[in-house]
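Each chain is listed here by its residues.
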Amino acid sequence: MSDRFLFWVPTLIWATTWHAILYQLGEVSALHSISMRFGVASALLFGIALWRRESIAVPAHLHLWLALTGIIQYGLNYLGTYAAERHIASGLVAVLFSLMIFANAIGGALCFGQPMTRRFVGFGSLGVLGVGLIFWPDIAAASTAPGVLLGMGLAVMAVTFASIGNLLTLRLTRGGMQLIPLLAWSMGYGAAGLALFATITQVPFHLDPRPSYWFSLLYLSAMGSVVAFILYFKFAQRHGPARAALTGMVIPVI
C-alpha cells in the first residue's frame, strides 16, 4: 500500500466519523457507546487476525502493557474528547487536537530518536495556525463559555492520552508484536475498562431503538476503528508518530 493510501484513507474515514457520532447521541451514554464501539472493533480484529492466521496468543507480561495502551488510547482519550465537547465547541477541540503533531514529535524524539527538524516545526505551526483560523468563530466564542477552562483542560488531557497511546502502540510493534492482534487486545481492554467504569459509577444503560444508532455504531467500529487505525499505524510505522499526526490537521478542514 502506498503512503498516500495509508494517509488519506484513515483521514477521510475519521473526517466522516464526526458526523456518524451525531447518531450516537441520545438514549445511550457516551461511556457505553464508546465501550460498544471498541468492543465490536476488538471482535472484528480478532476475527481478521485468525483469518490471516496471525497468532493472538500473547505472553503474560505483555497483557499489562496492552491493557494500559487500551485504557489510555481507546478509553481515556475518547472519554476526554466527549467530555470536553460538553463544555466547548467541537471546533476548539479540533484546534487543540491538531497540536498532537507536536506531542507526537516530542514523543518520537524521546522514545525512538526521531529528530524534530526546523522545517517540520515551522510548517506544523503554520498548519495549526490554519486550523485555528478556520475555527476562529468557535475560539472567539469560547471566551464567554462558562466551562471553557474545564473543557480545554479535558481536551488537552485527551490529546495527551492519544499521543501516549500512539507511542505505546508503536513501542509494542517495534518489540515484535503484530499490529492486528495488538489492536484487537488493546481495543478489547479499552472497551472493558470503560464498561467497568460505567458500572462502578452506576451510569444507567439504555438501548437505543433507532436503526441509525446501530448503523452508525457499526460504521464507527468497522471503518472508524478497525480500518482507520490499522492504516494509520501502518503509516506511523513507516514515517513515525509525528508525520502520522498530520491527519489531525486535515480532518478538521474536511
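Scroll up for the structure.
About the cut-offs
- Residues numbered from 1 in each chain as written.
- Predicted model: local features only at pLDDT ≥ 70, side-chain atom pairs only at ≥ 80, totals over all residues.
- Heavy atoms only, no water.
- Axes fitted to C-alpha atoms, helices over the stretch in contact; angles between N-to-C directions.
- Helix = DSSP H or I, 4+ residues; strand = E, 2+ residues; numbered from the N terminus.
- Parallel < 35°, antiparallel > 145°, perpendicular 65-115°, else oblique.
- Left-handed = near helix turned anticlockwise from the far one by under 90°.
- Contact = heavy atoms within 4.5 Å.
- Nonpolar A, V, L, I, M, F, W, Y, C, P; charged D, E, K, R; others polar.
- 1 Å grid on protein atoms, 1.4 Å probe; cavity = no way out; pocket = protein on both sides within 12 Å on 5 of 7 lines; lining within 4 Å.
- Points joined across faces, edges and corners; volume = space filled by probe spheres on them.
- Expected span 1.5 Å × (residues − 1).
- Buried < 20%, exposed > 50% of the residue type's maximum accessible area, 1.4 Å probe, protein only.
- Salt bridge = Lys/Arg side-chain N within 4 Å of Asp/Glu carboxyl O.

## Some words on the packing of helix α3 (residues 60-84) against helix α9 (residues 179-200)
The interhelical angle for the contact between α3 and α9, taken along N-to-C directions, is 60°, at an axis separation of 7 Å. In this view, α3 runs oblique relative to α9, as classed from their interaxial angle. The two elements α3 and α9 cross, and the hand of that crossing is right-handed. Across from H63, L66, A67, T69, G70, I71, Y74, G75 and L79 in α3, the residues of α9 making contact are L182, L183, W185, S186, M187, Y189, G190, L194 and F197. Of the residues belonging to the contact of α3 with α9, the class tally is 12 nonpolar, six polar and no charged.

## Thoughts on the layout of surface pockets
Size it by volume and the largest pocket reaches roughly 880 Å³. What lines the largest pocket is a set of 34 residues, among which W18, I21, Y78, T81 and F97 lie closest to the centre. Elements represented by at least two residues in the lining of the largest pocket include exactly α1 (3-20), α2 (30-51), α3, α4 (90-98), α8 (148-174), α10 (211-239) and α12 (247-253). Counted by class, the lining of the largest pocket contains 20 nonpolar, 11 polar and three charged residues. Empty space within the second largest pocket amounts to approximately 520 Å³. Around the second largest pocket, the lining comprises 22 residues; the ones closest to its centre are F120, H239, A242, R243 and L246.

## Some remarks on α2
Along an α-helix, residues three or four positions apart point the same way, because every turn accommodates 3.6 residues. The first and last C-alpha atoms of α2 sit 31 Å apart over 22 residues, in line with the 32 Å expected at 1.5 Å per residue. Burial in α2 covers these residues: L31, H32, S33, I34, S35, R37, F38, A41, S42, L45, F46 and A49. The elements touched by buried residues of α2 are α3, α9 and α10. Just past α2, the residue R53 takes up positive phi, approximately 60°.

## As for the pattern of salt bridges
A full pass over the atoms with the stated rule returns three salt bridges. A salt bridge links R52 to E54, with the shortest nitrogen-to-oxygen separation between them at 2.8 Å. Assessed through its relative accessible area of 46%, R52 is described here as partly exposed. With its nearest N and O atoms 2.8 Å apart, the salt bridge here joins R210 to D208. The exposure class assigned to D208 is buried, which follows from its relative accessible area of 2%.

## Side note on unusual backbone geometry
Unlike most non-glycine residues, R53 shows phi in positive territory, near 60°. Structurally, R53 can be placed in the loop between α2 and α3. You can call R53 exposed: its relative accessible area is 80%. For Q202, which is not glycine, the phi dihedral falls at a positive 60°.

## So, the packing of helix α5 (residues 100-112) against helix α6 (residues 118-134)
The interhelical angle for the contact between α5 and α6, taken along N-to-C directions, is 155°, at an axis separation of 10 Å. Considered as vectors, α5 and α6 are oriented roughly antiparallel to each other. Contacts from I101, F102 and A105 of α5 reach α6 at F120, V121, G124, S125 and V128. Its residues assigned to classes, the contact of α5 with α6 comprises six nonpolar, two polar and no charged.

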